[in-house]
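Observations on the model geometry
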Amino acid sequence: MDDSIIDDEHLTLEERSLLPSKGFFVPESYREEHRRAEFEESVSGHSEVMLVDGDGDGLGAVVLGRQVHDNIGYATASPNYLEDALERLAEFIEEEARIYIVDICPDPDVSLDDLETVVEKASSVHWYDHHQWDEEVRAAIEELGVEVVVGESDEVCSADVTLQEFEKAGHDFDEPTRELVAVTRDHDLWIRDDPRSDDLADLSVFLDADEYLEAVSEGPDIDGEYRELLKEKREEKEELIELAVGRAETVEVAGVTVSHTYGRCSQNEVAESLREKGSDAAVIVKPEGGTSLRGSEGFERCHEVARLLNGGGHPRAAGCKPDIFDTMLDFARHWTTEGEEARGVVVEAFEELMD
């Protein structure tokens, strides 16, 4: 395939908003091979290992872990790929390593076979999170011998929970690090009282994980190099937000105003714009097939909608991936119809929940 067909540099901004990023078109077998090799390199030889979500919250926990442990490695994962990550943990961690799993909420149907192997192989396993957990899954994980600490999802982020647990163990952190956690919480809970929280949130998207960790290693105040990058990327980001908001349609479901849209965009900002236009809940369907759900004071059941579609999350912020993609033709229709079928499936989930 000619790279220019899928390379962002050769597409207009509107075309980019309709299509997934270039990485989507890399065969999964190749990506899996690459992820596996990268995972092995990241965790092998380390006496402590962190498995975290790759957003600012999960990476904030890695900053803490690096200050507590001299020989800590980390790898990123997500709920959709948790079973794969646990399988690789079981294979590649050192005997008697200490394991931390942070900012990842297991789905109700997750297989725990490899986690059991991890527990047997490790000296200890700690799971720190702040999402809405299925109680049966939590009980099953704790029965394996994992220490599970879940903070209140509307009060703390996972970096908060990690800070709390490390401090209980006797570790002290300097003020810039504690400030980093506070700013991370400010964004992750969508409080946005601190203007630096948007900087960190954007950087965690624009940079790869190692670059982000370098940028925030001394706290949440970023230097000029990263500010220039933010300025350039934000101009494009704002245009993508405008395109997604312009595509939005609104329906009423049992008295709840649900706006749904499609596009490659920053879902939080799109959801905020839709709320300002009167929506109680926002549905942002993405070109790669996933869907973000955002609520408000008028709707705090996003995680319940997501669970109907094999996803999960918070009352006001959740995600899922409708099971409608079997062939590339399904994705072709998805892109050319601006996510029409996926939007319909999610609206039906709202209707089922409200009924």
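This text goes with the structure placed above it.
All residue numbers refer to position in the chain's written sequence, counted from 1. Thresholds applied to this predicted model are a pLDDT of at least 70 for local features of residues and 80 or more for the giving and counting of side-chain atom pairs; totals over whole chains, interfaces and linings are not thresholded and use all residues. Water and hydrogen atoms were dropped before computing side-chain values, which therefore reflect all heavy atoms in the structure.

1. Considering the overall build of the protein chain
In this description a helix means any DSSP run of H or I spanning at least four residues, a strand means any run of E spanning at least two, and both kinds are numbered starting from the N terminus. Helices and strands together make up the secondary structure of the protein chain, namely 15 helices and eleven strands. Here the globule rule reads 2.2 Å times residues to the power 0.38, and the radius of gyration is calculated from C-alpha atoms. Relative to its length of 355 residues, the protein chain is compact, with a C-alpha radius of gyration of 20 Å against a globular reference of 20 Å. Along the longest, intermediate and shortest principal axes, the C-alpha atoms of the protein chain span 50 × 50 × 45 Å. Working rule for contacts: check all heavy atoms of both residues, and any pair within 4.5 Å makes them a contact. Put simply, 61% of the contacts in the protein chain that link residues at least 6 apart link residues at least 24 apart. Surface exposure here means Shrake-Rupley accessible area, sampled with a 1.4 Å probe, where a residue is shielded only by the protein chains that are shown. Taken as a whole, the protein chain presents about 17,000 Å² of accessible surface, with 42% of it coming from carbon and sulfur. Under the counting rule used here, the positive set is Lys and Arg, the negative set is Asp and Glu, and His together with the chain ends is not counted. Here the site of a charge means atom NZ of a Lys, CZ of an Arg, CG of an Asp or CD of a Glu. Of the charged side chains in the protein chain, 32 are positive and 91 negative; the average position of the first set lies 3 Å away from that of the second.

2. Thoughts on the pattern of salt bridges
Within this document, salt bridges are pairs made up of a side-chain nitrogen of Lys or Arg and a carboxyl oxygen of Asp or Glu, the two lying within 4 Å of each other. The full count for this structure, using the stated rule, is 23 salt bridges. Residue E167 pairs with R178 through a salt bridge whose shortest N-O separation is 2.2 Å. A residue pair is termed long-range when its members are at least 10 positions apart, and E167 in helix α7 (residues 158-168) and R178 in helix α8 (residues 175-188) qualify at eleven residues. Exposure categories follow from relative accessible area, calculated using a 1.4 Å probe and restricted to protein chains: below 20% of the type maximum is buried, above 50% is exposed, and the middle band is partly exposed. Residue R178 is classed as partly exposed on the basis of its relative accessible area of 34%.

3. What to know about the nonpolar core
Core analysis: the biggest nonpolar cluster contains 33 residues, and M50, V102, L200, L203, Y212 and V216 have the highest contact counts within it. Setting aside chain neighbours within four positions, we find L203 in contact with Y212, A215, I222, Y226, L229 and L230. In this structure, L51, A97, L115 and W133 belong to the second largest nonpolar core, which totals 31 residues. Throughout, nonpolar core names a set of buried Ala, Val, Leu, Ile, Met, Phe, Trp, Tyr and Cys residues whose side chains join them through atoms within 4.5 Å.

4. A word on the environment of A349
Looking at the element boundaries, A349 is found in helix α15 (residues 340-354). On the basis of relative accessible area, A349 is assigned to the buried category, the value being 4%. Along the primary structure A349 and D3 are separated by 346 residues, whereas in three dimensions their C-alpha atoms are 38 Å apart. If sequence neighbours within four positions are ignored, A349 has contacts with V305, L308 and L309.

5. Observations concerning the side chain of R294
Within the element layout of this structure, R294 appears in strand β9 (residues 291-294). Counted as a polar contact is a pair of N or O atoms within 3.5 Å, where, for protein atoms, one must be capable of donating a hydrogen and the other of accepting one, and residues adjacent in sequence contribute only when both atoms are in side chains. There is a polar contact of 2.6 Å between the side chain of R294 and the side chain of N268. Separated by 3.3 Å, the side chain of R294 and the backbone oxygen of A318 make a polar contact. Ignoring anything within four residues of it in the chain, the contact list for R294 reads Q267, N268, A271, R275, D280, A281, A282, C302, R316, A317 and A318.

By themselves, these observations are geometric and do not establish any function.
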